[in-house]
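Given next are the chains, with one letter for each unit.
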Amino acid sequence: MELRRLGADDAVRRFVRQLWLPYHRDLEAIVDDHALAEDDLVAEEVPFRRERLATDGHRTWLAVDDPGADGPETDGAENDVLAGFVATDVDECPSVFDRPDRLVVGDIYVREPYRGTGLADDLLERAAERARAVGCGELALEVDVDNERAIAFYEKRGFETVRRRMAVAVEDA
C-alpha cells in the first residue's frame, strides 16, 4: 500500500467517484441526519475539491493499492486501486488563546475490502506526520454521534471528547 498526496486533476475526479462518494453513501446508512443532495454529486464536488487542494493548509492523502505509476502525487492511473483517504486542514490558533495549533482531520475513510488491515492507522499516522511537519501540537476531528464504530476506533487510538457540537434548525431556534 502506498500513500500519495492528491494533486493531479484526473485523480480528483477518480477520488470523488471511487472514495468520496462511497464514503458519504456509507455515512447515509449509519448517520441519521447525513443525506446527500440529488444533484450530479461528482460534478459538484470536483471543483470544490480542486479549490481546497489549492489552499496551503489543506492536504488529502490517498491510499493506493497496486500503484500504476511512480511519484509523490497520484496521476490518475487507471490500474491504481484507491483503498482509502484522509483529508486534513491546519487550524492555526490565534495568539489570544492558550492552545496549540491543530491539524484537523476533516474526513478519513477506508473502503470495505481494506477495513481491519491497519490502513486506517496508517492514514492517521500520515495525518500525525503532517501535524508534526507543520508544527501542530494537536490532532483533532469531529465524529458523528451515530457512528459508533468510528468513535470506538478513535477512542482506542487515544482521542478524547473535549467539546460537544450541537445543532438546531434555525426555524426551531
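Structure shown above.
Just so it is clear, the structure is predicted and the values come from calculations on it, not from any experiment.

Reading the values: the criteria
- Residues numbered from 1 in each chain as written.
- Predicted model: local features only at pLDDT ≥ 70, side-chain atom pairs only at ≥ 80, totals over all residues.
- Heavy atoms only, no water.
- Helix = DSSP H or I, 4+ residues; strand = E, 2+ residues; numbered from the N terminus.
- Buried < 20%, exposed > 50% of the residue type's maximum accessible area, 1.4 Å probe, protein only.
- Contact = heavy atoms within 4.5 Å.
- Areas by Shrake-Rupley, 256 points an atom, 1.4 Å probe, with all protein chains shown as cover.
- Core = buried A, V, L, I, M, F, W, Y, C linked by side-chain atoms within 4.5 Å.
- Arc of directions from axis to C-beta.

J.: I would appreciate a short explanation of the overall build of the protein in the present structure.
T.: Scanning the protein from N- to C-terminus turns up four helices and five strands. Listing every helix and strand of the protein by position from the N terminus yields β-α-α-β-β-β-α-β-α. Within the protein, the proportion of its 173 residues that are buried is 37%. Taking contacts inside the protein between residues at least 6 apart in sequence as the whole, the part at least 24 apart equals 64%. By element, 46% of the accessible surface of the protein is carried by carbon and sulfur atoms, the whole surface being about 10700 Å².

J.: Would you explain the side chain of His24 in this entry?
T.: Relative to the helices and strands, His24 resides in helix H1 (residues 9-30). Those residues within four positions of His24 in sequence are excluded, and the remaining contacts are His34 and Leu36.

J.: Looking at this structure, how should I read the nonpolar core?
T.: Proteins that are soluble and globular tend to have nonpolar side chains buried together. By size, the foremost hydrophobic cluster in this structure holds 22 residues, and its most contacted members are Leu6, Phe15, Leu19, Trp20, Leu62 and Phe85. Elements with a contribution of two residues or more to this core: H1, helix H2 (41-53), strand E2 (58-65) and strand E3 (81-91). If one sorts the elements of this core by residue count, H1 sits on top with nine residues. Setting aside chain neighbours within four positions, we find Leu19 in contact with Arg14, Leu62, Leu82, Ala83, Gly84, Phe85, Tyr109 and Arg111. Grouped together as the second largest cluster of nonpolar side chains are 19 residues, Ala83, Val110, Cys136 and Ala150 included.

J.: Explain helix H4 (residues 148-156) to me, please; I cannot follow it from the model alone.
T.: Three- or four-residue spacings in an α-helix give side chains the same orientation, since the helix completes a turn every 3.6 residues. The set of residues buried in H4 consists of Ala150, Phe153 and Tyr154. For H4, the angular spread of buried residues about the axis comes to 95 degrees, placing them on one side. In H4, those exposed residues whose orientation departs by more than 90 degrees from the buried face are Glu148 and Lys156. Looking at the packing, one finds that the buried side of H4 touches strand E4 (102-110), helix H3 (119-133) and strand E5 (138-141). At the C-terminal side of H4, Gly158 shows a positive phi close to 95 degrees.

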